[in-house]
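Read off the chains here:
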Amino acid sequence: MNNKEILTPGASAHDEDQIDLVELLFKILAHWKWITATAFIGVALAFTFNHFAPPSFQVNSTLIVKDNKSDGLNIANVFSDNPLKGDVSIDNQIEILRSFSLNHQALENLASDISWYKAMPIGDFNVYGREPYRVAFDKTAFNLKDVPVYIDPIDNEQYRITVDASTKILGIETEVDFEAKAKFNEPFENQYFSFTIQKTAPPEEGDFYFVFNDFDKQTLKNIDKLVVSRVNQNADLIKIEFTGDNSLQHLASNQALLAYAWHWRLC
């Protein structure tokens, strides 16, 4: 009797699967250079983005809302002539906290006339709280708003001012392009700006610029970054969140908003 090997369909399929996997492995190994290069590029791009892109922070606070019979804070009483004063819903108080007037006044109280930035390849960094220089100016003097003013130190006595931007002056689109030298702690003035750059601590390396903030535009930006909501439907709690690229600035904005509301409640 001849011994014959009997192959079942299942065994044949299993062998074919093994052969296919081996062939696939060899095909992958044949292109290992491309695979390695792709992985390296992906890691490099991720590192670059994380290192150079502005970070994102979230600042939270919780506000307890009490009824009129209590001595707690009621945002509806922020304005003495507010038509909502009295028995109002939490939803109304949320809208008041998000209102333009309340946020505009909070921003003015924060005295954030100037914002400093560090120029970066992927989005510039807001350096609130660690500004490289102090900008002194007369609030009655003319200064273009939202126009980047680059400050580059030449030596211990002088610095270079560079401006290259497009903005509207009296409703007319205008190219503002100039370069000038000035001295630290001495006034600089031309047809566009009037300020004095004062040295503080030695700045970190990098390209820095500042802008004179337009409070109206800055208020709208802050409101876009502001989320006011109920903690839950059963609690008299309001959650306030600021999201942005500078935790110190948004913490200050959060505190200024609450302080302004608290101030008018106590007056």
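Look above for the structure.
This section reports on the structure supplied with the text. Quick caveat, the model's predicted, so the values are computed rather than measured.

**Re the environment of A201**
Tracing the backbone shows A201 in the loop between β9 (194–199) and β10 (208–212). In this structure A201 comes out as exposed when scored by relative accessible area, which is 51%. Distance from A201 to P132, taken between C-alpha atoms, is 7.1 Å for residues 69 residues apart in sequence.

**Considerations on the pairing of strand β5 (residues 149–153)**
Bridging between β5 and β10 involves 3 bridges; their strand directions are antiparallel. Each residue of the ladder has a partner; that of I151, found in β10, is F208. Alignment of β5 against strand β6 (residues 158–169), held across 4 bridges, turns out to be antiparallel. By the bridge assignment, I151 is partnered in β6 with I161.

**Some words on unusual backbone geometry**
Even without being a glycine, D146 presents a positive backbone phi close to 60°. Structurally, the position occupied by D146 is in the loop between β4 (133–136) and β5. A relative accessible area of 30% places D146 in the partly exposed class. Positive phi, close to 55°, is recorded for L170, a residue that is not glycine. When you line up the elements, L170 lands in the loop between β6 and β7 (172–183). Owing to a relative accessible area of 84%, L170 belongs among the exposed residues under this scheme.

Here is what the cut-offs are and how they apply
Residues numbered from 1 in each chain as written. Predicted model: local features only at pLDDT ≥ 70, side-chain atom pairs only at ≥ 80, totals over all residues. Heavy atoms only, no water. Helix = DSSP H or I, 4+ residues; strand = E, 2+ residues; numbered from the N terminus. Buried < 20%, exposed > 50% of the residue type's maximum accessible area, 1.4 Å probe, protein only. Pairing = 2+ DSSP bridges.

Fair warning: the whole summary comes from geometry, so function is off the table for now.
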